[in-house]
Structure formats: structure tokens, C-alpha cells
Amino acid sequence: MGKKKPLVVVTRKLPDVVETRMRELFETRLNESDRPMTQAELVEAVRTADVLVPTVTDRIDAAVLSQAGPNLKLIANFGNGVDNIDVVSANNRGINVTNTPGVLTEDTADMTMALILAVPRRIAEGMKVMEKGEWTGWSPTWMMGRRIWGKRLGIIGMGRIGQAVARRAKAFGMSIHYHNRRRLHSDIEDALEATYWDSLDQMLARMDVVSVHCPHTPGTFHLLSARRLKLMKKDAYVVNTARGEVIDETALIRQLESGDLAGAGLDVFEHEPAVNPKLAQMPNVLLLPHMGSATIEGRIEMGEKVIINIKTFMDGHRPPDRVLPSML
């Protein structure tokens, strides 16, 4: 008789091909409705599952993990970040955590570049004019934005996605600057023609566009604080496709309202899915519904990574994308 298949509980609807493959390999409990699970449902899931497959919308904190049944040995996150999971608490309970890095690098970088182009060039504002039928014809001084070419881009967090953004921005003639916990190898710096800033404060004061690409950890919460946002130039723009919590959203709104920042392009928000209505009313702010990684190809690859992590783990090997507390 073969080994009993592990019970895998999936918290959200995943692409069909991913769910089909999961059902072939594992005893899989799917979420057909795609409604985010309640705290009680998550607790029920960790009590019964061998493997939990959560997403960014599920808070797997110490309180949920304290209810974990003896069978739960793996949390295979469908996503790049793990800020939704208390990794330390999981580790202490002997529960492995994995994520899906790398597969959404290019997609997120594309979306970031789209915002870097769209906000200074007022693309969303132009679209609204056309949708409302208010355009009266070309005029030499109307709807003027800012040139991208020759401007300075400051990247906060120069991991895979930050570097992919740097490559794109360089092709658009931007000069690349970055702040990172650790300085990159000189070969990478040379290839990207990137300038390293040890001081985030000094970098912010000199940039035309600042793009956020660091993970959300206790150390990066409100990294772009009220004080730091005030250091930025009046004609500078902020772009965030990483995590909303990295920016003090209230302070950002104040800077935009007072005209001390030129605009913002945001794909993530501090209190998702809630979006501050003030942001939605600003013409110089482009808002997207956390769709940076939303490509068919990317989401299928994320699912394939989850499956490989589960399968490797169940075969008694170390999963390729294991996340340890020391990595955070």
C-alpha cells in the first residue's frame, strides 16, 4: 500500500492548472469561493492540515500557530514575502516555512517601470480627461509632465526585483542609485552603473524618483517615515510595489497635499485592502490594486514552486525555498 497523501489546505483560489496538479499529488482542500479565510477558519486549517498554503491576505501569527495540530509540519506560502507569517513562532514549533521567490521578479519590475513612467508623465490624468470627453485639442502648455530620461532613480532594497528595475530604468536613461542593507558586489554595481548610498537620508534628498523594493520586516516598518519623506525634493515622486507598511501613509498624504512631493505611484497600501480615500482623490497619485505580480505566467510559476516545496519536503528533503528566521 502506498503512503497516505498529505492533507494540503489552500486558503485562496489558485490558477486551475495549479489546483489540478495539487489534487493529483496531494489530498487537497481548496477554497472555491476565494473569500479570505476568517481567523476561526485558519485555526481550523492549522489544526487539521499536514501542509498549509496561505497567501499575503492570511495572517498566520503566533495566536493561530498556537492552535496548530501535531500534523502541521509545513507552511508553503504562495507568495514572495513572508511578512504574513510569524516565521520565528513557526520555527520554534518545528514547522517549516517556504515561499516562492524569483518567479515574480520580472513582472513586478515591469509594473514598477510602468508606474515610474506613468506618474511623472500624467498618463492616468490624461486617460481620465479622455474618458470624460473633456479634451478640446492639443495645446503647447497643457498636461505637461516631467521627463524621465536623465533623472535620478533611488532604489530602496537592491535584491532581485530592485536590480531588475535598475536594468529597465537604465535603458530609459535614468541614473541608478540605491540603498541596501549590504552593498552589492562591484561587478553588479558596474553592470547597472549603480551608485551605492550608505545613508538613506542623503540619497532621498537627491533623488527625482524613489522606488521601494525592500521586504516588510519590523526593521523596515515606516522606513519612509514623516521625517524621511520631508527630506525629499518637492519635484520628486515615490513609487511602491513592495509592501505598504514600508511607507508612513499618513505622512505621505500630508506631503502630497502640501505640494512637498510631486506625486506617487502605489500598488500596495499600509492597511490593505483599505485605501485612504484622500489618496484616491489626488490627481497626481496613481493607485493600483496590488497587481504587481499578477500575470498568468507568474502565478502559475508561483504555484509550481509551492508544489515543488511541498513535494520535496514530503519526500524527506530540504525544500528549495525554505525561509529561516535568520534570513529575515
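Residues numbered from 1 in each chain as written. Predicted model: local features only at pLDDT ≥ 70, side-chain atom pairs only at ≥ 80, totals over all residues. Heavy atoms only, no water.

The name recorded for the chain in an unreviewed UniProt entry is D-glycerate dehydrogenase, from Pannonibacter anstelovis.

> Hey, could you run me through the sheet that holds strand 10 (residues 237-240) in this one?
Within the open sheet, the seven strands sit side by side as 8-7-6-9-10-11-12. Their pairing is parallel. On the outer flanks of this sheet lie strand 8 (194-196) and strand 12 (285-287), each paired with one strand and no other. Neighbour-to-neighbour, the strand axes of the sheet open up by a mean angle of 20 degrees, direction not taken into account. Note: strand 9 (residues 209-212) against strand 10, four bridges, orientation parallel. By the bridge assignment for strand 10, Val212 is matched with Asn240. Against the sheet, helix 5 (residues 105-118) contacts strand 6 (152-156), strand 9, strand 10, strand 11 (263-266) and strand 12, and its axis sits at roughly 160 degrees relative to strand 10. Running over the sheet, helix 7 (residues 160-171) touches strand 6 and strand 7 (175-179) and is turned about 170 degrees from strand 6. (Pairing = 2+ DSSP bridges. Helix = DSSP H or I, 4+ residues; strand = E, 2+ residues; numbered from the N terminus. Axes fitted to C-alpha atoms, helices over the stretch in contact; angles between N-to-C directions. Contact = heavy atoms within 4.5 Å.)

> Would you mind showing me how to read the packing of aromatic side chains here?
By convention here, two paired aromatic rings are described through the distance between centres and the angle between planes. Scanning the entire structure with this criterion turns up one aromatic pair. Between Tyr178 and Tyr196, the ring centres sit 5.2 Å apart and the planes meet at 50 degrees, which makes this aromatic pair tilted. Of this pair, Tyr178 sits in strand 7 while Tyr196 sits in strand 8, and the two are 18 residues apart along the sequence. (Phe/Tyr/Trp six-rings, centres within 6.5 Å; stacked < 30°, edge-to-face > 60°.)

> Mind showing me how you'd approach the pattern of salt bridges here?
Oppositely charged side chains are able to pair whenever their charged atoms sit close together. Under the counting rule described, the total for this entry stands at 20 salt bridges. Salt-bridge contacts for Asp201 lead to Arg227; the nearest nitrogen and oxygen are separated by 2.7 Å. With Asp201 in helix 9 (residues 200-204) and Arg227 in helix 10 (residues 226-231), the pair connects residues that are 26 residues apart, well separated along the chain. On the basis of relative accessibility, which here comes to 22%, the residue Asp201 falls in the partly exposed class. What you see here is one network of salt bridges that share partners, running through Glu106, Asp110, Arg167 and Arg168. (Salt bridge = Lys/Arg side-chain N within 4 Å of Asp/Glu carboxyl O. Buried < 20%, exposed > 50% of the residue type's maximum accessible area, 1.4 Å probe, protein only.)

> Sorry, what's going on with the UniProt feature "domain: D-isomer specific 2-hydroxyacid dehydrogenase catalytic" (unreviewed entry) in the chain here?
The positions that UniProt labels "domain: D-isomer specific 2-hydroxyacid dehydrogenase catalytic" (unreviewed entry) are, in the present scheme, residues 9-323. Counted over residues 9-323, helix gives 37% and strand 13%. Its end C-alpha atoms are 20 Å apart. (UniProt positions renumbered as here; feature names shortened; annotations may be inferred.)

> Honestly, the packing of helix 5 against helix 7 in this entry has me stumped. Any pointers?
Geometrically, a packed helix pair is captured by the angle between its two axes and the distance between the axes. Their axes nearest at 8 Å, the elements helix 5 and helix 7 cross at an angle of 50 degrees. Our classification of the angle between helix 5 and helix 7 gives oblique. Here helix 5 runs over helix 7; the crossing is right-handed. Here Thr105, Glu106, Thr108, Ala109, Asp110, Thr112, Met113 and Ile116 of helix 5 come into contact with helix 7, specifically with Arg160, Ile161, Ala164, Val165, Arg167, Arg168 and Ala169. Here the residues of the contact of helix 5 with helix 7 are counted per class, giving seven nonpolar, three polar and five charged. (Parallel < 35°, antiparallel > 145°, perpendicular 65-115°, else oblique. Left-handed = near helix turned anticlockwise from the far one by under 90°. Nonpolar A, V, L, I, M, F, W, Y, C, P; charged D, E, K, R; others polar.)

> Just checking my understanding: could you explain the sheet that holds strand 1 (residues 7-10) for this structure?
Paired through their backbone hydrogen bonds, the strands of a sheet run either parallel or antiparallel. Spatially, the five strands line up as an open sheet ordered 2-1-3-4-5, and their pairing is parallel. Edge positions in the open sheet fall to strand 2 (27-29) and strand 5 (96-98), since each of these has one partner strand only. Taking each pair of neighbouring strands and ignoring which way they run, the sheet shows an average axis angle of 20 degrees. Sheet strands touched by helix 13 (residues 296-314): strand 1, strand 3 (51-53), strand 4 (74-76) and strand 5. Its angle to strand 4, the strand with the most contacts, is close to 160 degrees.

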